[in-house]
Amino acid sequence: MRSTTIEILFPRNLSEALSIFSDAKENLKIIAGGTDVVTGIQQESKRFIDTEVLVDINRIPEIKGIEVRKKKISVGAAETFSDILRNNLIQNELPLLWKACSSIGSVQIRNRATIAGNFVNNAPCADTVPVLLVYNATVEIESLSSKREISLQEFLQGPYKTQLNVNEIVTRINIPIPSKTFVGDFYKLGRRRAVSISRITLAVLMDMRGGIIDEIRIASGAVTPIGARLTGLEKFAEGKEVNDRFFKTLASKMGEEIIKITGLRWSSEYKLPVVQQMFYQLLKSIEQRSL
Amino acid sequence: MNKEFSVVGKRVIREDGFDKITGRAKFADDYKFDGMLYAVMLRIPSAHAKINSIDFSEIENNEAISAIITSADVPGIKKTGLIKNDQPIFCDEKVVTPGDVLAMLVGNSENELRNLVKKAKVDYTELPLITDPAKALDQEAILIHPDNGSNLIVNHHVKKGDVEKGFEKSDHILEQTYTTPLIEHAYIEPEAVTAIPLGFNGVKIIGSIQNPFTARRIVAAVINLPLDKVQIIQAHLGGSFGGKDDTMCILSARAAVAALKANCPVKIRYTREESILESYKRHPYIMNYKVGFSNSGKIIAMKINIIADGGAYASMSPFVTWRSVVQATGPYEIENVHTEVRAVYTNNPYTGAMRGFGSPQPIFANESLMDEIAIHLGISPVEIRKVNALKNGSITATGQKLENHDVNLIQVLDKAIYAADFQNKWRANKKEKPLTKEFDFNNPVLQDYQYVEPDKLIQKGIGLAVSYRGCSLGAEGIDTASAYLSIQNDGTVYLLSGLAENGQGMRTTFAIIAAEALGILPEQIFYLETDTSRIPDSGPTVASRSTLMGGGAVRNAAEILSGRLKKIVKEEFKLSEEDVVSFRENLVFSRKKGLTAKFSEVCKLAYSLGINLATIGYYKSPSVHWDEKSGHGDAYFTYVYGCQVAEVSVNIGTGEVYVNKITAVHDPGTVINKLGAEGQVYGGVTQGAGYALFEGITTEKGLIRELNFDQYLIPTSKDIDVIKPVFVEGKDSYGAWGAKSLGEPTLELTAAAISNAVRNAVGKRFFNLPLNLEEIVLGKKLCPQEVKRGSLQ
Ligand SMILES: Cc1cc2nc3c(=O)[nH]c(=O)nc-3n(C[C@H](O)[C@H](O)[C@H](O)COP(=O)(O)OP(=O)(O)OC[C@H]3O[C@@H](n4cnc5c(N)ncnc54)[C@H](O)[C@@H]3O)c2cc1C
């Protein structure tokens, strides 16, 4: 247990926050919902043990709100999952994101936890990551001196690692509205039905034309070191005819792909057969629904 | 239900409900005192080690430390225990399990102490570990408590008839081995206690203590003071489930030692991690059952061999395993029985009392086996149970004849199968062969045939289990309870019993009983604070005994006082000798003259006449007897019966089991508070479902993996759909109008019912709890090699 006290700052707008970050050191951390930060400090996690200053970003209006900007849905970094679940735009246009958000933690957690907190923390089991990846989301990042927008894929570097610098903040996440020809689903497996760390997550978006896969985007979480697109699998599937045989082949191919990425671990004996099985089931249910 | 009752059997909101939901109720950690210090524990990350030395030189002069407490500071007995004195207050020689505490730092900043405690240098030598209870009695096994001469804590047996001859006469024989895991109580409130030194008056202790009188006995022995110099007050308790007994006695003793040395109030409060690390748990059992039966399903012989993992200390193991040995055959009349139960020491977390107390384990084994017999013979689970069920006048495995109460086993079974439409569903869901797929880890990429057709993914199943349970302590020991009742001159009443409110709603139950007997309302009764200096010792609040025993005492007290009031009424209102006075709805009636007076008027009158309207009621259980040598006796003076039907959906791809419905039919005798009784069912079933599907403490090199609720998973409200409580109120002469036990019966059979439902759904039997994802898909458990949490990067 730490005995030093932690200072908490509450900037009221973005520029105030950016000037705080401009000369920030490693001992400064952003806190949004705090559902990862506070538990991390309490558990003496290496990532948080040296924290001396927390900057609470919940009062910054610029990083709130959900709106349409240039055919993209732009979600403020500090939007909580409860906010997102109440938004019709998300429910209608980004149903996979809505479903992933609804599966997170419990009502109490969703009332605090934010979307940026989820992918900046970048745990292997962060539930929104696979979904945001198949939606080709991009991340807006600002510092006092710069502003950049990069794809989420690039932003995420490894378990609990991202491209974010200490003087930067994620302001928004922008998600292109997929064309109506895409169908897809999000799948989460946990050990129970609420407050459950994902054992497996899958996100699939598929554009099928005349029984042929025109485009498919597949991402996994918890079975890979971080949520990731399985591009080899996507390439393999494109142009193929949709049928039961092929779904089985594709699912088994996912098994091979995951072995390549992660090797065999203590959990593989269970997770490997199950991820293939449930990927197949997911493909079948998407096909069923698009008929 | 008895039609004459006016409050008994109604739905009464618990008296502490509003205080608890509004945050007003004071729990142990809410108490603060001037000059209060904190105590923080010194432990080492080892499950078995010899302590060579402890060096405090780096911190002993630190200002933040008011006192360092070690075994040398303990004025009285240095080792304690509920049955055997084998557990050191501070381990200065040896650590035998990872929760063990070597010493304690006392000071006013808990945070600073937690940092300083890391600077105590402990030199220790690791000793070989015993974590497998099946190996604890091996010749070459290291002795965990050498004084004990072996790693055997206790060995109980029950013998009836001749099992070998019975097997010879049997048409069929089945033999199976079942296991159950180590279970954490998971009370919402971690342990907390404060000891306040009172100079010549000893010490006062306020804490989250399940059994104040047990704590008093142990504290007094540890600080070497007479019982009257140790006053224990129970704070509102945030759950216990049997778990705030030994641990809280020891924490109270440590706090008392520190308070006397520092001469200041000292508080100990645990984090969740410390709570799971140090507190005792429910015993894992390894159970071998061999059963011989006839073509018609009549069980002729049953031979049972059980090893219970007692962990590092004896705690309640002798009594827990005694209940197991008595009840292990299940509620069936069997001619030839031989049951052996041994509890052994290991370096695992120690195990003691937990809701169920030695019954959930054998019920899981026994009720799984009953279904296997039925399947083997091609008959239904209902039929196999009816053929063998205990009935009025049956003789149990221990040779006890069941009489003097309604033996309602078949009644609860019938009611449950009717309510759940069991027979039809069971037949419809029945699978001839296993539906789960086999996987080969050497060929992890799935073959086409290993994929499940989408409409076969979710399989429904239904299963049932029955149980009987001996009420209260049985032959464990003397069984009495007391209750204090004092009527004020306006008709309001003070009530206190020597049993404790552990969240079960006991105070409300007792208020209803007193209100019924006095013809007043439960709201008129104020339940006093539980304090060992105010009321006679009534034994521990365990064994689902408070309603039965304490209820008997409350009724006795109320009847003594109502007798005095009736006498005055007769005299004052000049009623004839044969007239009958009764109290109802705050009014006093004469059978002949009708309404005579208000209750409050009679109370005032009694007061003015100088009549004593305070008393202590008392209840003593009828005698039971037990012959440990022959394993025979009338183990308990009465029994309760239950049947639960579980309906589940199993995902055969992932191994997820969802509980769609539990129909829980119980005969607790007379129901006192309907709302409280239903609450017991909801809670017990949920705990039982956790036992069935999720829960289990595992260790790696003796160290616990699941130290918080991110890893130790208990069910949420989303994991179980419908729980339907149904009560059959059998007649009994004991306690308050035949109100018996419900708390433990509701939990003990749920896992067995769920496991049987899973068998019905997927066509495969599972022998090892919990039936988690890996168990269902792979038929085994998987654990990471290290204890560290994934998120600690
Ligand atoms: C009981 C419980 C259940 C949970 N269940 C789930 C679950 O089911 N699924 C799941 O995916 N997760 C779950 N989590 C994890 C957690 O809730 C999520 O990861 C959540 O999205 C984190 O958001 P937050 O706002 O609380 O982040 P915080 O804890 O405030 O921050 C997390 C990290 O992100 C950084 N950060 C936050 N916002 C920004 C920003 N705008 N710019 C730059 N950096 C930022 C912080 O510095 C920190 O490093 C659970 C956690 C708990 C305690």
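Residues numbered from 1 in each chain as written. Chains lettered and ligands numbered in written order. Predicted model: local features only at pLDDT ≥ 70, side-chain atom pairs only at ≥ 80, totals over all residues. Heavy atoms only, no water.

Quick look at the overall build of chain B
Phase 1: Helices and strands together make up the secondary structure of chain B, namely 18 helices and 32 strands.
Phase 2: Against the compact-globule benchmark of 28 Å for 793 residues, chain B has a radius of gyration of 28 Å, which places it among compact chains.
Phase 3: Seen through its C-alpha atoms, chain B measures out along the principal axes to roughly 90 × 75 × 50 Å.
Phase 4: By the burial criterion, 62% of the 793 residues in chain B qualify as buried. (Helix = DSSP H or I, 4+ residues; strand = E, 2+ residues; numbered from the N terminus. Rg over C-alpha atoms; globule rule 2.2 N^0.38 Å. Buried < 20%, exposed > 50% of the residue type's maximum accessible area, 1.4 Å probe, protein only.)

Digging into the overall build of chain A
Phase 1: From N to C terminus, chain A includes 12 helices and 14 strands.
Phase 2: On C-alpha atoms alone, chain A measures out to a radius of gyration of 19 Å, which is about the 19 Å that the 2.2 N^0.38 rule sets for 291 residues.
Phase 3: By sequence separation, contacts in chain A at least 24 residues apart represent 66% of the contacts at least 6 residues apart.
Phase 4: On chain A, roughly 12200 Å² of surface is accessible, and the fraction owed to carbon and sulfur atoms is 51%.
Phase 5: Both charge centroids of chain A, one from 39 positive and one from 32 negative side chains, sit 4 Å from each other. (Contact = heavy atoms within 4.5 Å. Areas by Shrake-Rupley, 256 points an atom, 1.4 Å probe, with all protein chains shown as cover. Lys, Arg positive; Asp, Glu negative; His and termini not counted. Charge placed at Lys NZ, Arg CZ, Asp CG, Glu CD.)

Quick look at the side chain of Ser-497 of chain B
Phase 1: Looking at the secondary structure, you find Ser-497 of chain B in strand E20 (residues 493-497).
Phase 2: Engagement of the side chain of Ser-497 of chain B in a polar contact is seen with the backbone nitrogen of Leu-499 of chain B, the distance being 3.0 Å. (Polar contact = N/O pair within 3.5 Å; in protein donor to acceptor, adjacent residues only side chain to side chain.)

Some details on the sheet that holds strand E3 (residues 67-69) of chain B
All names here are of chain B.
Phase 1: Spatially, E3-E7-E1-E14-E11-E12-E13 is the arrangement adopted by the seven strands of the open sheet, whose pairing is mixed. Every other strand in the sheet has two partners, leaving E3 and strand E13 (230-234) as the edge strands with one partner each. Taking each pair of neighbouring strands and ignoring which way they run, the sheet shows an average axis angle of 25 degrees.
Phase 2: Where strand E1 (residues 37-42) lies against strand E14 (residues 266-269), two bridges are found, and the strand directions are parallel. Across the sheet, the residue bridging to Leu-37 is Val-266, located in E14.
Phase 3: In the packing of helix H4 (residues 212-223) onto the sheet, the strands contacted are strand E12 (203-207) and E13, and the crossing angle to E13 comes to about 145 degrees. (Pairing = 2+ DSSP bridges. Axes fitted to C-alpha atoms, helices over the stretch in contact; angles between N-to-C directions.)

As for the packing of H4 of chain B against helix H5 (residues 246-262) of chain B
Describing two packed helices takes the angle between their axes plus the distance from one axis to the other.
All names here are of chain B.
Phase 1: Following both chains from N to C, one finds H4 and H5 inclined at 40 degrees, their axes separated by 9 Å at the closest point. Of the possible angle classes, the one that applies to H4 and H5 is oblique. Here H4 runs over H5; the crossing is right-handed. Only Cys-249, Ser-252, Ala-253, Ala-256, Val-257 and Leu-260 of H5 make contact with H4, whose side of the interface consists of Thr-214, Ala-215, Ile-218, Val-219, Val-222 and Ile-223. (Parallel < 35°, antiparallel > 145°, perpendicular 65-115°, else oblique. Left-handed = near helix turned anticlockwise from the far one by under 90°.)

Overview of the pattern of salt bridges
Phase 1: Evaluated as defined, the whole model comprises 62 salt bridges over all chains.
Phase 2: Residues Lys-780 of chain B and Glu-269 of chain A are paired through a salt bridge, measuring 2.7 Å at the closest nitrogen-oxygen approach. Linking Lys-780 of chain B in the segment after helix H18 (773-778) with Glu-269 of chain A in helix H12 (residues 268-290), this pair reaches from one chain into another.
Phase 3: Residue class for Glu-269 of chain A comes out buried when judged on its relative accessible area of 19%.
Phase 4: Bridged by salt links that share partners, the residues Asp-29, Arg-43, Glu-110, Arg-114, Arg-254, Lys-267, Arg-269, Glu-274 and Glu-278 of chain B form one connected network. (Salt bridge = Lys/Arg side-chain N within 4 Å of Asp/Glu carboxyl O.)

Details of the domain arrangement of chain B
Residue and element names in this part refer to chain B.
Phase 1: Each assigned domain of chain B is listed with its residue range as follows: domain 1 (31-127 + 191-269), domain 2 (285-473 + 628-778) and domain 3 (480-620).
Phase 2: Across the boundary between the two partners, domain 1 contributes 21 residues, which contact 20 residues of domain 2.
Phase 3: Buried surface at the junction of domain 1 and domain 2, summed over both partners, amounts to about 1600 Å²; 56% is from carbon and sulfur atoms.
Phase 4: When the buried area of domain 1 at its contact with domain 2 is split by residue, Ile-83, Asp-86 and Phe-241 rank highest and sum to 34% of it. (Domains from an automatic or database assignment. Buried area = accessible area lost by both parts, 1.4 Å probe.)

Quick look at the interface of chain B and chain A
Phase 1: Across the contact, 44 residues belong to chain B and 42 residues belong to chain A.
Phase 2: Between chain B and chain A, a total of about 4000 Å² is buried, with carbon and sulfur atoms accounting for 58% of that surface.
Phase 3: Applying the counting criterion to the chain B and chain A interface returns five salt bridges.
Phase 4: Looking at the side of chain B that touches chain A, the elements that each hand over two or more residues are helix H2 (110-116) and H18 of chain B.
Phase 5: Partitioned by chemical class, the residues of the side of chain B that touches chain A number 21 nonpolar, 11 polar and 12 charged. (Nonpolar A, V, L, I, M, F, W, Y, C, P; charged D, E, K, R; others polar.)

Section: unusual backbone geometry
Residues and elements named next belong to chain B.
Phase 1: A cis amide bond, omega -5 degrees, links Leu-769 with the succeeding residue Pro-770.
Phase 2: Residue placement: Pro-770 occurs in the loop between helix H17 (750-762) and H18.
Phase 3: With phi around 50 degrees, Lys-574 is a residue other than glycine that occupies positive phi space.
Phase 4: Inspection of the secondary structure assignment puts Lys-574 in the loop between helix H13 (546-572) and strand E22 (581-584).
Phase 5: Residue Lys-574 is classed as exposed on the basis of its relative accessible area of 69%.

A closer look at the sheet that holds strand E28 (residues 639-651) of chain B
Residue and element names in this part refer to chain B.
Phase 1: An order of E18-E28-E29-E32 is seen for the four strands of this open sheet, with the pairing classed as mixed. Either end of the sheet is taken by a strand with one partner, and the two such strands are strand E18 (458-470) and strand E32 (720-727). When strand polarity is set aside, the average angle formed by the axes of neighbouring strands in this sheet is 15 degrees.
Phase 2: Of the strand pairs in this sheet, E28 and strand E29 (residues 657-667) are connected by 10 bridges, and their pairing is antiparallel. The residue of E29 that forms the bridge with Ser-649 is Tyr-658.

Overview of the domain arrangement of chain A
All names here are of chain A.
Phase 1: Here chain A is partitioned into domain 1 (7-56), domain 2 (61-176) and domain 3 (182-290).
Phase 2: If you average the C-alpha positions of domain 2 and of domain 3, the two centres end up 22 Å apart.
Phase 3: With 23 residues of domain 2 at the contact, the number on the domain 3 side is 24 residues.
Phase 4: Summed over the three residues of domain 2 that lose the most area to domain 3, namely Leu-96, Pro-130 and Val-134, the buried surface amounts to 29% of that side.
Phase 5: Applying the counting rule to domain 2 against domain 3 returns two salt bridges.
Phase 6: Between Asp-185 and Lys-99 there is a salt bridge, with the nearest N and O atoms lying 2.9 Å from each other.

Details of the pairing of E22 of chain B
Residue and element names in this part refer to chain B.
Phase 1: Here E22 shows a buried face lined by Val-581 and Phe-583 and an unburied face lined by Ser-582 and Arg-584.
Phase 2: Strand direction decides the pairing type here: E22 and strand E23 (residues 587-590), joined by four bridges, are antiparallel. Directly across from Ser-582, in E23, lies its bridge partner Phe-589.
Phase 3: Connecting the antiparallel pair E22 and E23 is a turn made up of two residues, with Glu-585 showing a positive phi of about 45 degrees.

Points about the site of the ligand
Residues and elements named next belong to chain A.
Phase 1: In the region of the ligand, 32 residues are neighbours, and Ile-30, Ala-32, Thr-35, Asp-36 and Thr-114 sit closest.
Phase 2: Measuring from an oxygen atom of the ligand, one finds a side-chain N or O atom of Thr-114 at 2.6 Å.
Phase 3: Contacts to the ligand include Asn-118, whose side-chain N or O atom sits 2.9 Å from an oxygen atom.
Phase 4: A total of 980 Å² of accessible area belongs to the ligand in isolation, and the protein chains cover 88% of it.
Phase 5: Those elements giving two or more residues to the shell around the ligand turn out to be strand E2 (28-31), helix H7 (115-121) and strand E10 (169-176).
Phase 6: Ranked by residues supplied to the shell around the ligand, first place goes to H7 with five residues.
Phase 7: Residues that form the shell around the ligand fall into these classes: 19 nonpolar, 10 polar and three charged. (Near = heavy atom within 4 Å.)

A few points about the nonpolar core
Phase 1: Phe-279 of chain A together with Ile-373, Ile-754 and Val-758 of chain B are the most contacted members of the largest nonpolar core, which has 221 residues in total.
Phase 2: With residues near it in sequence (within four places) discarded, Phe-279 of chain A still touches Leu-202, Val-204, Ile-218, Leu-233, Leu-250, Ala-251 and Met-254 of chain A. (Core = buried A, V, L, I, M, F, W, Y, C linked by side-chain atoms within 4.5 Å.)

Focus: the packing of aromatic side chains
Phase 1: Applying the stated criterion to the full structure yields 16 aromatic pairs over all chains.
Phase 2: Relative to Tyr-451 of chain B, the ring of Tyr-280 of chain A lies with its centre 4.9 Å away and its plane at 50 degrees, an arrangement referred to as tilted. With Tyr-280 of chain A in helix H12 and Tyr-451 of chain B in the loop between helix H11 (422-429) and E18, this residue pair bridges two chains. The residues Tyr-280 of chain A and Tyr-451 of chain B share a single accessibility class, namely buried.
Phase 3: Every member of this aromatic cluster is reached through a ring pair, and the members are Trp-322, Tyr-468, Trp-626, Tyr-636 and Tyr-639 of chain B.
Phase 4: If you follow Arg-217 of chain A out to its NZ or CZ, it ends over the ring of Phe-182 of chain A, 4.7 Å from the centre.
Phase 5: Positioned above the aromatic ring of Phe-167 of chain B, the side-chain terminus of Lys-290 of chain B is 4.5 Å from the ring centre. (Phe/Tyr/Trp six-rings, centres within 6.5 Å; stacked < 30°, edge-to-face > 60°. Lys NZ or Arg CZ within 6 Å of the ring centre and 35° of its normal.)

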